[in-house]
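Single-letter residue listing:
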Amino acid sequence: MYTKQNLTLLTDFYEITMANGYFEAGMRDEKAYFDMFFRRVPDGGGFAIMAGVEQMIEYFKNLKFDDEDIEFLRSKNCFSEGFLEYLRDFKFSCDVWAVPEGTPIFPGEPIVTVHGPLIQAQFVETMILLLINHQSLIATKANRIVRAAKGRGVMEFGTRRAHGSAAAILGARAAYIAGCVGTACAIVDREDDIPALGTMAHSWVQSFDDEYEAFKKYAEIYPDNCTLLVDTYNVLNSGVPNAIRVFKEMKPSSMGIRIDSGDISYLTKKARKMLDDAGFEDCKIVISNSLDEYLIEDMLAQGACIDSFGVGERLITAKSEPVFGGVYKLAAVEKDGVIIPKMKISENVEKITNPGAKKVYRLYDRETDRAMADVIALMDEEIPEEDGYTIFDPDNVWKKKNLKDFYAKELLVQIFKEGECVYKSPDIKEIKAYCAEQVEHLWEEVRRFENPQTYYVDLSTKLWEMKRGILEQHT
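Sequence order as written defines the numbering, with residues in each chain counted from 1. Whole-chain, interface and lining totals are the exception, using all residues; otherwise, since this is a predicted model, local features are given only for residues with pLDDT of at least 70 and side-chain atom pairs are given and counted only at 80 or more. Each side-chain value is derived from all of the structure's non-hydrogen atoms; neither hydrogens nor water enter the calculation.

Peer 1: I keep staring at the overall build of the protein chain and nothing clicks. Help me out?
Peer 2: Going along the chain from the N terminus, every DSSP run of H or I of four or more residues is numbered as a helix, and every run of E of two or more is numbered as a strand. What the protein chain contains, in helices and strands, is 17 helices and 21 strands. Expressed as lengths along the three principal axes of its C-alpha atoms, the size of the protein chain is roughly 80 × 60 × 35 Å. With 475 residues in all, the protein chain has 53% of them scored as buried. Pairs at least 24 residues apart make up 73% of the contacts formed inside the protein chain by residues separated by at least 6 positions. The accessible surface values rely on the Shrake-Rupley method and a 1.4 Å probe; as for residues, cover is taken only from the protein chains in view. Surface exposure of the protein chain reaches about 21600 Å², of which carbon and sulfur atoms provide 48%. We treat Lys and Arg as the positive residues and Asp and Glu as the negative residues; His and chain ends play no part in the count. Charge positions are represented by NZ for Lys, CZ for Arg, CG for Asp and CD for Glu. Counting 57 positive and 77 negative side-chain charges, the protein chain places the centres of these two groups 3 Å from one another. Burial here depends on accessible area, computed with a 1.4 Å probe over protein chains only, as a share of the maximum for the residue type. Under 20% is buried, over 50% is exposed, and the range in between is partly exposed. Contacts: residue pairs with any heavy atoms within 4.5 Å of one another.

Right under this line is the structure:
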């Protein structure tokens with residue numbers, strides 16, 4: 001979708017005024033490092049899921065100012081002609097690193113790093129945040145819902161509730177990465193090979209003279225995917241009996257019923273018994289109706305008989321907490337090859353940033369293969385695996401732990417080098433499988449919904465000393 005139109009000006013206006021300012025101040029060739037990170041996991045969760053990298057790559061590949069853009073900016077009467085000519089010949093030339101899609105991510109650690117000319121690295125802020133924030137938000141919510149379903153299929157049913165076409169398409173993509181089995185959004189099947197799924201609407205049933213005729217005709221047309229919506233009139237007195245009658249007469253190869261209203265726990269238990277007594281033990285029960293992870297968890301705890309879920313508005317809008325909150329901050333400038341760390345200082349501790357050009361390591365226990373902690377280090381640092389490594393809480397430095405028998409993996413991978421893409425995005429099904437595998441590397445205590453165990457994101461000693469030195473210098 002993002003390759004079919006020029007979205008270069010989909011940015012905050014101040015990105016352009018700052019770029020003009022840098023140009024006029026003689027700073028067009030100065031280089032800088034910017035980091036994207038987020039401060040808090042939505043819904044009080046233990047982790048988030050990274051998504052949106054593929055669209056960010058496409059944005060960088062298509063970043064250019066056409067004649068229409070230039071004329072619009074000239075009409076604002078606040079940009080120099082030299083700057084407008086610079087934009088006419090604009091070519092993205094930054095280095096970019098990102099955490100791969102599907103990876104569990106945690107507050108405070110860089111998930112995207114951009115290094116290059118200050119004008120360029122600053123200009124791309126808005127689209128990086130827009131793409132990564134949205135898809136990571138939806139992927140995080142979808143993963144919570146998928147985990148609540150405990151192995152049962154979750155279908156993303158939110159297209160008509162999404163905040164616009166792009167949100168529907170990219171939200172469906174993010175939900176699939178996070179574990180959904182498919183989507184109601186047909187175009188996503190065509191574009192991304194994500195299975196398009198669905199049954200029928202109440203209008204189908206209402207369009208016929210009676211419910212039985214509606215079910216019979218549907219079974220005749222779709223014998224290999226015959227899932228009947230049984231709650232148009234009365235689930236137990238009409239819907240399920242008519243479905244059973246049609247299954248006996250038409251003998252479709254794939255049978256299911258969907259319930260979209262009422263006391264679903266009670267109705268599914270009753271429906272399951274009716275279906276089993278009629279000899280249709282293989283008939284699946286699908287439910288929908290404003291579901292989220294908490295409702296799903298509660299219904300399963302009550303013994304509801306459910307084979308799969310269709311989840312719409314509360315997934316595609318991340319209704320319970322619809323803002324991811326990722327930010328993009330200057331971390332360093334580069335002068336004559338020397339990296340000069342930069343840092344935002346605030347009385348609000350969580351808004352104090354980590355300075356310098358950095359990388360992120362994830363440390364895994366060799367025996368359990370579980371992730372133990374993440375360490376934010378300076379770009380030139382390596383984590384010594386053989387001799388042990390001490391991690392400490394950067395806010396309470398007396399909290400220390402010496403780790404042994406672990407292995408370290410760098411999280412950030414380079415996707416652009418001097419403006420050229422050096423990374424091939426995996427197939428969407430590979431990303432989905434990778435996401436499921438990486439979530440399993442987390443301790444169950446980190447994965448729980450209520451009061452999850454805090455996963456440690458620590459600073460290396462060198463980075464902590466750099467940060468402390470800057471704080472002391474300015475305070």
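Moving on, there is more to tell.
Peer 1: Hey, could you run me through the sheet that holds strand β10 (residues 284-287) in this one?
Peer 2: Neighbouring strands of a sheet are bound in pairs by backbone hydrogen bonds; such pairs are parallel or else antiparallel. In this analysis, strands are considered paired if DSSP registers two or more bridges between them. Taken in spatial order, the six strands line up as β7-β6-β11-β10-β9-β8 in an open sheet, and their pairing is parallel. This sheet does not close on itself; its edge strands, each paired only once, are β7 (182-183) and β8 (226-229). Of the pairings in the sheet, the one linking strand β9 (residues 255-259) to β10 comprises four bridges and is parallel in character. Residue pairing for β10: G256 is matched across the bridge by K284. Contacts between helix α12 (residues 264-277) and the sheet are confined to β9 and β10, with β10 contributing the most and set at about 165° to the helix. Angles run from 0 to 180 degrees between N-to-C directions of axes, and those axes are lines fitted to C-alpha atoms, restricted for helices to the stretch in contact.

Peer 1: Before we go on, may I ask you to explain the pairing of strand β5 (residues 112-117) in this structure?
Peer 2: Burial of β5 is extensive: six of the six residues sit out of reach of the surface. For strand β3 (residues 95-98) and β5, the ladder comprises four bridges, and the chain directions are antiparallel. Paired with W97 across the two strands is T113, which belongs to β5.

Peer 1: It is not clear to me how the packing of aromatic side chains should be interpreted in this structure. Could you clarify?
Peer 2: How two aromatic rings sit relative to each other is given by the distance of their centres and the angle of their planes. Each Phe, Tyr or Trp ring, with Trp reduced to its six-membered ring, pairs with another whose centre is within 6.5 Å; inter-plane angles below 30 degrees give stacked pairs, above 60 give edge-to-face pairs, and intermediate values give tilted ones. Evaluated as defined, the whole model comprises 22 aromatic pairs. Seen from their ring centres, F83 and Y86 are 6.2 Å apart, and the 25° between their planes marks the pair as stacked. On the criterion of helical spacing, the pair formed by F83 and Y86 is a turn pair, its members being three residues apart in helix α4 (residues 81-88). Across this residue pair, the class does not change: F83 and Y86 are buried. With a centroid separation of 3.9 Å and an interplanar angle of 15°, the aromatic rings of F106 and Y455 are classed as stacked. Of this pair, F106 sits in the loop between β4 (104-105) and β5 while Y455 sits in the loop between α16 (444-447) and β21 (456-459), placing them 349 residues apart in sequence. This pair shows no difference in class: F106 is buried, exactly as Y455 is. Feature note: the residues F13, F23, F65, F79, F83, Y86, F90 and F123 constitute an aromatic cluster, connected by ring pairs. A positively charged side chain is recorded as over a ring if its NZ (Lys) or CZ (Arg) lies within 6 Å of the ring centre. The angle to the ring normal must also be within 35 degrees. Over the face of the ring belonging to Y212 we find R245, whose NZ or CZ atom lies 3.5 Å from the ring centre.

Peer 1: Where do I start with the packing of helix α6 (residues 125-148) against helix α7 (residues 165-177) in this structure?
Peer 2: Helix packing geometry: the angle between the two helix axes and the distance between the axes. Between α6 and α7, the shortest axis-to-axis distance is 8 Å and the interhelical angle comes to 50°. The angle between α6 and α7 places the two elements in the oblique class. Seen from above, α6 lies across α7 with right-handed handedness. Seen from α6, the contacting residues are L131, H134, Q135, I138, A139 and A142; seen from α7, they are A167, L170, G171, R173, A174 and A175. In the scheme used here, Gly and all other residues not listed as nonpolar or charged are polar, with Ala, Val, Leu, Ile, Met, Phe, Trp, Tyr, Cys and Pro taken as nonpolar and Asp, Glu, Lys and Arg as charged. Tallied by class, residues from the contact of α6 with α7 come to eight nonpolar, three polar and one charged. Roughly parallel covers angles under 35 degrees, roughly antiparallel covers those over 145, roughly perpendicular covers 65 to 115, and oblique covers all other angles. Two helices cross in a left-handed way if the nearer one is turned anticlockwise from the farther one by less than a right angle. They cross in a right-handed way if the turn is clockwise.

Peer 1: Would you mind going over the pattern of salt bridges with me for this structure?
Peer 2: Note that side chains of opposite charge can pair when their charged atoms are close. Between Lys or Arg on one side and Asp or Glu on the other, a salt bridge is scored when a side-chain nitrogen of the former is within 4 Å of a carboxyl oxygen of the latter. Here the structure, examined in full by the defined rule, presents 32 salt bridges. Of the charged contacts in the structure, one is a salt bridge between K61 and E58, with a shortest N-O distance of 3.9 Å. Taken together, the positions of K61 and E58, both in helix α2 (residues 53-61) and three residues apart, correspond to about one turn of that helix. The salt bridge involving D277 is made with K273; its shortest N-O contact spans 2.8 Å. Here K273 and D277 lie together in helix α12, a separation of four residues that amounts to about one turn. When its relative accessible area of 53% is taken as the criterion, K273 is described as exposed.

Peer 1: What is the right way to look at α12 in this model?
Peer 2: With 14 residues, α12 should cover 20 Å at 1.5 Å per step; its first-to-last C-alpha distance of 20 Å lies within 8% of that length. Within α12, the full set of buried residues consists of I264, S265, L267, T268, A271, R272 and L275. The buried side chains of α12 occupy one side of the element, clustering within an arc of 160° when seen end-on. Opposite the packed face of α12, turned more than 90 degrees from it, sit the exposed residues K273 and D277. The elements touched by buried residues of α12 are α11 (235-250), β9, β10 and α13 (293-301). Residue G279 follows α12 closely and has a positive phi angle near 90°. By this rule, a helix spans an expected 1.5 Å times one less than how many residues it contains. Picture the helix axis, draw a direction to every C-beta atom, and the arc is the one those directions span.

Peer 1: Got a minute to help me understand the side chain of Q135 in this structure?
Peer 2: Here Q135 shows up in helix α6. Taking relative accessible area as the criterion, Q135 reaches 0% and is therefore assigned buried. The contacts of Q135, once residues within four sequence positions are left out, are A51, G52, Q55, E101, L170, R173 and A174.

Peer 1: I tried to follow the sheet that holds strand β18 (residues 406-410) on my own but got confused; where do I start?
Peer 2: Strand order in the open sheet made by the four strands is β18-β14-β15-β21, with mixed pairing throughout. Pairing within the sheet leaves two strands with one partner each, and these edge strands are β18 and β21. Between one strand axis and the next, the sheet turns through 25° on average, direction left out of account. Where strand β15 (residues 371-378) lies against β21, four bridges are found, and the strand directions are parallel. Of the residues in β21, the one forming a bridge with D374 is V457. Sheet strands touched by helix α17 (residues 461-474): β14 (358-365), β15 and β21. Its angle to β15, the strand with the most contacts, is close to 55°.

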